Amino acid sequence: MSFVESDERRALRGAVAELGGRYGHDYVVKQVKQGEHLDELWHEAGKHGFLGVNLPEQYGGGGGGMYDLSLVLEELSAAGCTLLMMIVSPAICGTIIARFGTDDQKQHWLPGIADGSKIMAFAITEPDAGSNSHKITTTARRDQSDWILSGRKVFISGVDQADAVLVVGRTEDAKTGKLKPALFAVPTDAQGFEYRGIDMDLAMPDKQFLLFLDDVRLPADALIGVEDAALMQLFAGLNPERIMAAASSVGLGRYALDKAVKYVNGREVWGQPIGAHQGLSHPLAQVKIELELAKLMMQKAATLYDAGDDMGAGEAANMAKYAAAEAAVRSVDQAVQSHGGNGLASEYGLGGLLAAARVGRIAPVSREMVLNFVAQFSLGLPKSY
């Protein structure tokens with residue numbers, strides 16, 4: 001692993017930062033108030049090849065890896081305009097299809113995912129299962145060559161924007177015992193598929209949904225990849241999810257820190273900038289250190305994943321997601337504190353980020369489950385759940 005990014009990656013960072021700078025956080029706030037998505041930014045990012053930078057070139061992608069895609073999301077987030085569905089559509093779904101899909105499935109889905117003209121959501125969480133994916137009850141049964149899928153899902157992002165949802169279920173003969181997932185591409189206009197928005201206090205352009213699948217009939221090729229390899233396929237998507245969540249948090253933390261530094265350099269009290277006082281400079285310096293440490297772990301996770309080390313990437317991705325979320329929360333909180341009362345004024349665009357940063361501690365996996373993972377697999381401690 002090189003600690004100096006290549007000229008190509010530095011150029012990619014610059015191009016994405018330029019795009020993000022033309023939109024910025026004010027654009028996000030305006031779209032949220034109007035109840036709109038970030039469609040203009042999404043489509044422009046797709047047109048420039050940023051959304052599919054991790055996908056194979058033969059299917060319209062950039063031929064890069066998770067390092068490159070996480071770089072894109074980090075820079076957009078650092079500009080104040082995170083694209084949540086990047087975590088879902090190209091990172092989780094695109095990766096799974098690229099690695100395990102049939103040639104026909106790749107040709108059908110990947111070009112659209114790469115250029116942003118198709119969006120695929122991802123559904124694993126269920127109302128009664130929570131973080132225990134082994135308790136998934138969404139079930140698929142065969143009917144001649146078709147599949148019949150039934151179940152419920154909760155907290156599924158961006159379904160109203162999606163053409164299809166990659167649904168994690170079980171085959172009928174695997175309803176009990178160890179998890180044997182099967183992954184299905186379910187069109188959002190399929191008969192028997194319904195979704196309902198969840199009211200959230202969090203103001204974001206990407207909404208959360210409940211899914212209802214009542215005997216949804218799917219063709220045989222809706223099953224992604226090989227049924228018996230679905231557990232491996234599932235984890236191949238979850239590591240990118242954690243890497244991308246870390247990228248989003250690192251970028252958000254950078255955005256808040258940049259706002260704070262600019263403010264404390266320009267705000268003068270008693271004849272000097274308030275940033276001269278250690279009560280502000282030291283906490284901001286600590287935030288900078290924590291963000292850089294989280295970013296390094298994110299880059300390590302992405303590098304391991306791109307090298308094909310799924311197990312090594314799993315440990316690093318969980319640690320990166322944890323560290324980045326903690327650093328982002330601290331960064332936003334300190335940025336608000338550094339602004340004083342202005343930190344909660346709409347003009348400065350920080351108050352609404354308090355909840356947004358906090359999401360990283362909960363999703364896509366809670367900090368407690370990350371600690372369980374590290375305790376068990378990194379430290380060899382007894383399983384606690």
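First, a word on what this report is: a plain description of the structure on this page. (Residues numbered from 1 in each chain as written. Predicted model: local features only at pLDDT ≥ 70, side-chain atom pairs only at ≥ 80, totals over all residues. Heavy atoms only, no water.)

Across its full length, the protein chain carries 10 helices and nine strands. Relative to the compact-globule value of 21 Å for 385 residues, the protein chain shows a C-alpha radius of gyration of 21 Å, a close match. Taken over the C-alpha atoms alone, the protein chain extends approximately 80 × 50 × 45 Å along its principal axes. In the protein chain, which comprises 385 residues, the share counted as buried stands at 52%. Taking the intrachain contacts of the protein chain between residues at least 6 apart in sequence as the baseline, contacts between residues at least 24 apart amount to 71%. Total accessible area computed for the protein chain in this model is approximately 17600 Å², and 52% of it derives from carbon and sulfur atoms. (Helix = DSSP H or I, 4+ residues; strand = E, 2+ residues; numbered from the N terminus. Rg over C-alpha atoms; globule rule 2.2 N^0.38 Å. Buried < 20%, exposed > 50% of the residue type's maximum accessible area, 1.4 Å probe, protein only. Contact = heavy atoms within 4.5 Å. Areas by Shrake-Rupley, 256 points an atom, 1.4 Å probe, with all protein chains shown as cover.)

For the bond running from alanine 363 to proline 364, omega is 5°, close enough to zero to count as cis. As for its position among the elements, proline 364 is in the loop between α9 (353-359) and α10 (367-378). The backbone of aspartate 215 shows a phi angle near 50°, a positive value even though the residue is not glycine. Position of aspartate 215 relative to the elements: it lies in strand β7 (residues 208-218). We note that tryptophan 270 has phi near 60°; this positive angle belongs to a residue other than glycine.

In this fold, alanine 17 is placed in helix α1 (residues 7-33). In the structure, alanine 17 is positioned 32 residues away from glycine 49 in sequence and 14 Å away in space, judged by C-alpha atoms.

This paragraph deals with the pattern of salt bridges. Opposite charge on two side chains makes pairing possible when the charged atoms of those side chains draw close. Inspection of every chain in the model, using the stated rule, returns 22 salt bridges. Among the salt bridges present, the one from arginine 13 reaches glutamate 75, with a minimum N-O distance of 2.6 Å. Within this pair, whereas arginine 13 is found in helix α1, its partner glutamate 75 is found in helix α3 (residues 66-78), the two being separated by 62 residues in sequence. Exposure remark for glutamate 75: the relative accessible area of 7% places this residue in the buried category. Two residues, arginine 254 and glutamate 74, come together in a salt bridge whose shortest N-O distance is 2.7 Å. Here glutamate 74 lies in helix α3 and arginine 254 lies in helix α6 (residues 230-266), a separation of 180 residues in the sequence. (Salt bridge = Lys/Arg side-chain N within 4 Å of Asp/Glu carboxyl O.)

Bringing helix α7 (residues 278-306) into the picture now. Between its first and last C-alpha, α7 extends 41 Å over 29 residues, near the 42 Å set by a 1.5 Å rise per residue. A positive backbone phi angle near 90° is found at glycine 308, which sits one or two residues after α7. (Expected span 1.5 Å × (residues − 1).)

Here we take up the nonpolar core. The biggest cluster of nonpolar side chains holds 92 residues, and the ones touching the most others in it are Met86, Phe122 and Val186. Of all the elements, helix α4 (residues 85-100) adds the most residues to this core, at 11 residues. Beyond its immediate stretch of four places on either side in the chain, valine 186 contacts Leu149, Ala164, Val165, Val167, Phe193, Leu213, Val216 and Leu218. (Core = buried A, V, L, I, M, F, W, Y, C linked by side-chain atoms within 4.5 Å.)

As paired strands, strand β3 (residues 146-157) and β7 are joined by eight bridges and run antiparallel to one another. Paired with isoleucine 156 across the strands is phenylalanine 209, a residue of β7. Here strand β6 (residues 193-197) runs beside β7; their pairing, made up of five bridges, is antiparallel. Residue pairing across strands places arginine 196 opposite leucine 210, the latter belonging to β7. (Pairing = 2+ DSSP bridges.)

Bringing a nonpolar patch on the surface into the picture now. The grouping of Phe3, Ile289, Leu293 and Leu296 at the surface amounts to a nonpolar patch, some 450 Å² of accessible area in total. Relative to the elements of secondary structure, leucine 293 occurs in helix α7. (Patch = residues over 30% accessible without salt bridge, like charges linked within 9 Å, V, L, I, M, F, W, Y side chains within 5 Å.)

Let's shift gears to the environment of valine 269. Take valine 269: it is sitting in strand β8 (residues 268-269). Residue valine 269 is classed as partly exposed on the basis of its relative accessible area of 24%. Considering only alpha carbons, one finds valine 269 and aspartate 201, 68 residues apart in sequence, at a separation of 36 Å.

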